[in-house]
Structures are given as C-alpha cells and as structure tokens.
Amino acid sequence: MENEARRRFPPPRSEEKEASSRDRANSNTNNNNFFERFLKLSSLREKLELVKEKAERKRKQRRGGKEKKEESLCPLPNVIRVESGAGASSTSNSSSSSLPEIWRARRQNLENCLQGECVKREKLREIVADGFVPDQPSSVRYDVWSYLLRVVPEARREREEERRKKRETYEAFAEELASCVRTPDVSVEMTYKYEDIKSPTKSRATRVAVELKVKQVNEEDKDILEQIERDVERLHPSLHFFNDEIEAAPKRKDMTEALFVFAKLNPGLRYVQGMHELLAPLYFVCFNHPDKNGVAKDAKSDSFWMFVELISELRDAYCKELDKTDQGINHLLSEHDNLLRNRCPAVATKMIDELNVKPQFYAFRWCVLMFAGEFDFPSVLRTFDFLVAWPRGKRDALLRLCSAMVCNLQKELLDENCDFAVAMRTLQNYPACDVNKIIKIACAFPYLAS
C-alpha cells in the first residue's frame, strides 16, 4: 500500500532538492578535506625542502669560512714577487687556490723545526720570515720568539739550563736594583719585649712599639718609577688581560719591575715613554705559556730578556743625546724618506717635495713604538712576528713596514684634494686595515744595495 501510495503520490520536488543538495554538500566536504590534507602535505614537503636547502647553505658557509680563516691565519709565503701583465693574474689565481695547502705545509715545517733536537735560527727565520706564526696553540709563538730573541740556545739539551740561569740572573738584578718596586709603599713594624715568667721554659712577649714605615726612594728613581707606573696603569684599557680589577694588579707590577730593572741597568738610556707598549706583547705571550704546574711565574723574567734583545738593534734611537747623530732617531727617519723615494716615488714626490710632510710628523711614533700603538692587539702580535723573524734584522723590517704603511695609502695621498692637513690627518690617524696586507707589501719591496 505504501509503495503504491508513493507511486501515486511522489514526494515534493523541494524535498528532492534538499536531498540532492545534502549529497552534494557531503561530497564537497569530502573533497575539501582531501584537498586540505593534500595542501598540508605539500606545504610540509616545501618546508622540509627549505630546511634542507638552509642546512646545505650553512654547511657550505662553514666550509668556506674555515678556508677563509685558514687563509687569514697566514700571509703569502716568504718568496713574494711583484709581477706584471697576464702572468701576474694567472699566478695570483693559482697561488690563492693553493693557499690552504701552502699554509698547512708551512705549519708542518714549523712544527717539525721546533720539535728537533737542534733548532737552527736561520732555518726558523726562513719559515716565519713574513710573520707566519700561528696563533694557536699559544706555545708556538712563545717558542718562536724565545729562539729568535735568543732567550734559549739552539740545542734542546741546553734550553732548560739556560732558562734557569737567565731567570736567576733576573732575580738577582731585581733584588739589587728594584727592591723599591717589591717593597710596599707603607709597612707596619712591631717591636716586642720578651719577659721571663716564673717557669724557666716559658716567656711572655709584650708589644712595646708600633711603627709605620714609608718606602724610601731617591728622587731620581722616584721620577722613573712614577712614570713607568703611570704608563703601565693606562696600558690597553679595553683588554681584560691588562685591566681586570683583581688579576691585572700583579701583571702590572711585574711589567713595572721589568722596566725599572732595565732603566737601572741602562743609565745612559733609562726608561723612555712608550717602552711599556713594547713590553706588553712580550709579557702577554710569556704569561700565556705557563710552566708544568700551570703557573706563569717566569713571565716577567722571560719577557725582560725578550725586551732587551728586541730593542738592542734600535737602542740608539731611544737615546736623546744621539738624536742628531748617524745613530739617532732623526737619521732613521731620514733613511725612511730615502727608501720611500725608491719604493713609492709618486707618493714620495708629493709628500716630501710638494706638501713638505716630514717623517718626524708621523713616522716618529711608528719607529719608537714599533707600531704597537697603531693596530689592535692581535695585529700587534702579528707585526712583532714579522719584526722578530725578518732575516735582515729589525731595523730593515721596521723601515719596510714604514714604507708599506705609506704605500698602502697611495690612493688617498695622491688624491687631488689631499693637502698638507689631509695627509697629516690620514697618516697620524691611520685608517683600519688588515696588517697582513701591510706585511705583504713590506715583503715585496726589493733589496737595495747598502
């Protein structure tokens, strides 16, 4: 009956529309869910690909950074020639591509040389002639400087004995000449009186006097000591090593003592302002090379002997009485002018002949401080590597660096707007630069007949 009724009386068209719309809605919902899941999966895949690409880029950057770091750790090899034409570009490309291999080979040669039973100084100079001394480990720089500054002999079996003798000699000098540095400014001295008590084995001490003792220093030594203390106090204010509130005090005292001992041993030279800048890198390297117990107790004596050898070749430049002689600082600066005319004639012609810029105006500080006041501290260490190792001596190395500093600013100094004031401001406030580039220029200058 029902089926018959349905056949006779079919449902209204509106109900059919509703049913069909519900079916379509359900199918659309299913389709939408499917597309949403598909889109989510696609976005996840894209994110995964992006993550992979970023990771790959980072790996490449790390590899490239390591290669750049290796390249920056050493300048070009010792034999550096200035070439022109197409051959120069091909040579530079091949040398830059093989630079990491050259650096590794030279480092291996350096390690083999330092580990030998007898370290020949001439061979060591050949390896590190252009300032090639790795920063790590720190013991490498200490060993190189110790050999080239003659703190230790070439034979390994004699090294410890020679170190011991030098340290004992320094201690004897310090006890005799620098007792005022080791003595505190004010000390307390107490006097006791001992009284016997009834018991024969006992006695009683009674304090009868207390006396404050002020350190006694003669006027001449007092002036020198005060000057050294002032200079050492303001040494490298941005470096924690020299200015830590707790740890820096004994370091400053060590450097003050070493400089005062040098002044007393050299009455004709005494202490010249700026010598503290020369001692600072030496003391830093020695302090970071402790003994077997991890204590750098010999840093002041080792740095003292390095300092003596460092300025031995240029000590006349620090003597005021010799300023106008052939051994004084003025002769050294005149020699810089003459060498500049050969090494960079265009700049020399403008600076010396046209602008009348004298080397006393800008190079005096370079020579006296050996560039210790021109660069940041890591660059100063690199500069000292070159000064210590150059085969033709520290004087020739210093003059090469002076010429290289001027040649490096050739573009600025030859500019048509560069007058006397601009040239002086540029040279006295030297712009930031890579010290390895300066050393490379210095190495490239040809040898001149003396």
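Quick caveat, the model's predicted, so the values are computed rather than measured.

Considering the overall build of the protein chain
Line of reasoning, step 1. In terms of helices and strands, the protein chain carries 21 helices and two strands.
Line of reasoning, step 2. Taken over 450 residues, the protein chain has a buried fraction of 39%.
Line of reasoning, step 3. In the protein chain, of all internal contacts separated by at least 6 residues, the share reaching a separation of at least 24 is 70%.
Line of reasoning, step 4. For the protein chain, the accessible area works out to roughly 26,900 Å², and carbon and sulfur atoms hold 50% of it.

Quick notes on the nonpolar core
Line of reasoning, step 1. Among the nonpolar cores identified, the biggest contains 113 residues, and Val 144, Trp 145, Trp 366, Met 370 and Phe 384 are the most heavily contacted of them.
Line of reasoning, step 2. Among the elements that make up this core, the one with the highest residue count is helix H18 (residues 394–407) (nine residues).
Line of reasoning, step 3. Apart from residues no more than four positions distant in its own chain, Phe 384 is found in contact with Trp 145, Leu 278, Pro 281, Leu 282, Leu 310, Met 370 and Ala 372.

With respect to a negative patch on the surface
Line of reasoning, step 1. On the surface, a cluster of negative charge is contributed by Glu 219, Asp 223, Glu 226 and Glu 229.
Line of reasoning, step 2. In this structure, Glu 229 sits in helix H9 (residues 219–233).
Line of reasoning, step 3. Accessibility expressed as a relative area gives 38% for Glu 229, which makes it partly exposed.

Some words on the confidence of the model for the protein chain
In low-pLDDT regions, the fine details of the predicted coordinates are not to be read closely.
Line of reasoning, step 1. Per-residue confidence for the protein chain gives a mean pLDDT of 80; residues scoring 70 or more make up 72%.
Line of reasoning, step 2. Confidence, read as mean pLDDT per element, is least for helix H3 (residues 86–97) in the protein chain (41) and greatest for H18 (96).
Line of reasoning, step 3. Every residue in residues 66–97 scores below 50 in pLDDT, and together they form 33 contacts with partners more than four places removed in sequence or on other chains.

As for the packing of aromatic side chains
Line of reasoning, step 1. If you walk through the whole model with that rule in mind, you get 19 aromatic pairs.
Line of reasoning, step 2. Ring centres 5.3 Å apart and planes at 75 degrees place the aromatic pair Tyr 362 and Trp 366 in the edge-to-face group. Of this pair, Tyr 362 and Trp 366 both sit in helix H16 (residues 359–369), four residues apart, which is roughly one turn of the helix.
Line of reasoning, step 3. Overall, Tyr 362 belongs to the buried group, its relative accessible area being 4%.
Line of reasoning, step 4. The residue whose ring lies beneath Arg 392 is Tyr 447, and the NZ or CZ to ring-centre distance is 3.8 Å.

Side note on helix H17 (residues 377–389)
Line of reasoning, step 1. Given a rise of 1.5 Å per residue, 13 residues ought to cover 18 Å, and the 18 Å separating the end C-alpha atoms of H17 matches this to within 8%.
Line of reasoning, step 2. Most of H17 sits out of view: twelve of its 13 residues are buried.
Line of reasoning, step 3. The set of residues buried in H17 consists of Phe 377, Ser 379, Val 380, Leu 381, Arg 382, Thr 383, Phe 384, Asp 385, Phe 386, Leu 387, Val 388 and Ala 389.

Quick notes on the environment of Ile 224
Line of reasoning, step 1. Position of Ile 224 relative to the elements: it lies in helix H9.
Line of reasoning, step 2. Ile 224 gets classed as buried once you look at its relative accessible area, which sits at 11%.
Line of reasoning, step 3. It is 9.9 Å that separates the C-alpha atoms of Ile 224 and Gln 273, two residues lying 49 residues apart in sequence.

Quick word on the packing of H16 against H18
Line of reasoning, step 1. Between H16 and H18, the shortest axis-to-axis distance is 10 Å and the interhelical angle comes to 140 degrees. As summarised for this structure, H16 and H18 are arranged oblique, according to the angle between their axes. Seen from above, H16 lies across H18 with right-handed handedness. For the pair formed by H16 and H18, the contact residues are Tyr 362, Trp 366 and Cys 367 on the first element and Leu 398, Cys 402, Met 405 and Val 406 on the second.
Line of reasoning, step 2. A breakdown of the residues in the contact of H16 with H18 according to their chemical character gives seven nonpolar, no polar and no charged.

How each quantity is defined
Sequence order sets the numbering: in each chain, residues are counted from 1 along the sequence as written. Given that the model is predicted, a residue must reach a pLDDT of at least 70 before its local features are reported, and side-chain atom pairs must reach 80 or more before they are shown or counted; all residues, however, enter totals for whole chains, interfaces and linings. By convention in this description, side-chain values take in all heavy atoms of the structure and omit both hydrogens and water. Secondary structure follows DSSP: runs of H or I at least 4 residues long count as helices, runs of E at least 2 residues long count as strands, and numbering of each begins at the N terminus. We call a residue buried when its accessible area falls under 20% of the maximum for its residue type, exposed when it is over 50%, and partly exposed in between, using a 1.4 Å probe and counting protein chains only. Should any heavy atoms of two residues lie within 4.5 Å, those residues are counted as being in contact. Throughout, the Shrake-Rupley method with a 1.4 Å probe supplies accessible areas, and for residues the shown protein chains are the sole cover considered. Definition used in this section: a nonpolar core is a set of buried Ala, Val, Leu, Ile, Met, Phe, Trp, Tyr and Cys residues joined via side-chain atoms within 4.5 Å. In this analysis, a patch consists of residues with relative accessible area above 30% that form no salt bridge, clustered at 9 Å for like charges and at 5 Å for the nonpolar side chains Val, Leu, Ile, Met, Phe, Trp and Tyr. By definition here, a salt bridge exists when the distance from a side-chain nitrogen of Lys or Arg to a carboxyl oxygen of Asp or Glu is within 4 Å. The sign given to each residue is positive for Lys and Arg and negative for Asp and Glu; His and the chain ends receive no count. In this description, the location of a charge corresponds to atom NZ of lysine, CZ of arginine, CG of aspartate or CD of glutamate. By definition, pLDDT measures how confident the predictor is in each residue, and it falls between 0 and 100. In this scheme Phe, Tyr and Trp rings, the latter by its six-membered ring, pair at centre separations within 6.5 Å, and the angle between planes marks the pair as stacked below 30 degrees, edge-to-face above 60, and tilted otherwise. Throughout this description, the term charge over a ring refers to an Arg CZ or Lys NZ atom that lies within 6 Å of the ring centre and within 35 degrees of the ring normal. In a helix, the anticipated span is given by 1.5 Å times the number of residues less one. Orientation is described by axes fitted as lines to C-alpha atoms, over the contacting stretch for helices, and by angles from 0 to 180 degrees between their N-to-C directions. Relative orientations are named as follows: roughly parallel for angles under 35 degrees, roughly antiparallel for angles over 145 degrees, roughly perpendicular for angles from 65 to 115 degrees, and oblique for any other angle. Helix crossings are classified by the rotation of the near helix relative to the far one: an anticlockwise turn of less than a right angle makes the crossing left-handed, while a clockwise turn makes it right-handed. When residue character is reported, Ala, Val, Leu, Ile, Met, Phe, Trp, Tyr, Cys and Pro are called nonpolar, Asp, Glu, Lys and Arg charged, and the others, Gly included, polar.

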